[in-house]
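Here are the chains, one letter per residue:
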Amino acid sequence: MYKRQALRDCLAEIDARLGRLRQAGALDWQHAGLTPSVLICDELAVILDGDSGAWRLRALRRIARLGRAPGCIVIGASQMTQAAVIPSELRNLADVLLSFRLSRGEDARAAGVPGAHRLAAVPGRVMVAGLGADVIECQSFLAPGVNRSTGSQLVYQPVLPSVVPVVNRLVQPAVIP
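Going along each chain's sequence as written, the residues are numbered from 1 onward. Totals for whole chains, interfaces and linings use every residue, but because this is a predicted model, local features are given only for residues with pLDDT of at least 70 and side-chain atom pairs only at 80 or more, for both listing and counting. Only hydrogens and water are set aside when side-chain values are computed; all heavy atoms of the structure are taken into account.

Describing the overall build of the chain
Each helix is a run of H or I in the DSSP string that is no shorter than four residues. Each strand is a run of E no shorter than two, and both are numbered from the N terminus. Across its full length, the chain carries six helices and six strands. Along the chain, helices (α) and strands (β) appear in the sequence α-β-α-α-β-α-β-α-β-β-α-β when read from the amino end. When the 177 residues of the chain are sorted by exposure, 36% land in the buried category. Residue contacts are defined here by distance: any two heavy atoms, one from each residue, within 4.5 Å place the two residues in contact. A sequence separation of at least 24 residues applies to 56% of the contacts in the chain between residues at least 6 apart. Per-residue and other accessible areas follow the Shrake-Rupley method at a 1.4 Å probe size, with only the shown protein chains counted as cover for residues. Total accessible area computed for the chain in this model is approximately 10,900 Å², and 56% of it derives from carbon and sulfur atoms. Working definition: with a 1.4 Å probe on protein chains only, accessible area under 20% of the residue-type maximum means buried, over 50% means exposed, and in between means partly exposed.

Written as structure tokens, this is what we have:
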């Protein structure tokens, strides 16, 4: 129930923001004086599963497709990367894909980040695809507030003007010997 309501709220927000863009005669949220709105979908595979999964997929696809101009950003996270779990039509709408080490090459390809299965077993090593370049290997860092024993994070990150600067602040290109 709460998943459906969150998606409905996000769709309504997109419609309202698109109206504000038209009123302002602006092409995007920055020129209309809006701040970004972020929808974080943790465990995306679970959200897309079940009786309402098809409706949720249509809603997420619409949000990802129409949300860019009005500043509605979708961040999806999943530990299940198989193509059957996260449909390629949704992955193809993503501007940036991140993957930590995966155990199999087919999982890396399904995640849209080829080579993620060959990452060194170094904590925080990540492959990034979609930054206007080929897939690059980067090193993320533990932010203050991260519990090293459980990996749980207690981090507040203010919303930045776009997803790419967030990625640039969270990961640095790895120095590979």
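Concerning the pairing of strand E4 (residues 125-129)
Most of E4 is tucked away, with five of its five residues classed as buried. The two faces of E4 match: Arg125, Met127 and Ala129 on one face and Val126 and Val128 on the other face are all buried. Alignment of strand E3 (residues 97-99) against E4, held across three bridges, turns out to be antiparallel. Each residue of the ladder has a partner; that of Leu98, found in E4, is Val128. In this scheme, strands are said to pair when DSSP sees at least two bridges between them.

Digging into the environment of Val128
Mapped onto the elements, Val128 comes out in strand E4. Taking the C-alpha atoms as reference points, Val128 and Val96, separated by 32 residues in sequence, lie 7.1 Å from one another.

Some words on the environment of Leu97
For Leu97, the location among the structural elements is in strand E3. Sequence-wise, Leu97 and Ala77 are 20 residues apart; in three dimensions their C-alpha atoms are separated by 9.9 Å. Sequence-distant contacts of Leu97, defined by excluding residues within four places in its chain, comprise Arg91, Ala111, Gly112, Val113, Met127, Val128 and Ala129.

Things to note about the confidence of the model for the chain
If pLDDT is low for a region, its predicted coordinates should not be looked at in detail. Mean pLDDT over the chain works out to 75, with 73% of the residues at or above the 70 mark. Confidence over residues 150-177 falls short of pLDDT 50; this stretch has 48 contacts with residues more than four positions distant or in other chains. Confidence per residue, as judged by the predictor, is encoded in pLDDT with a range of 0 to 100.

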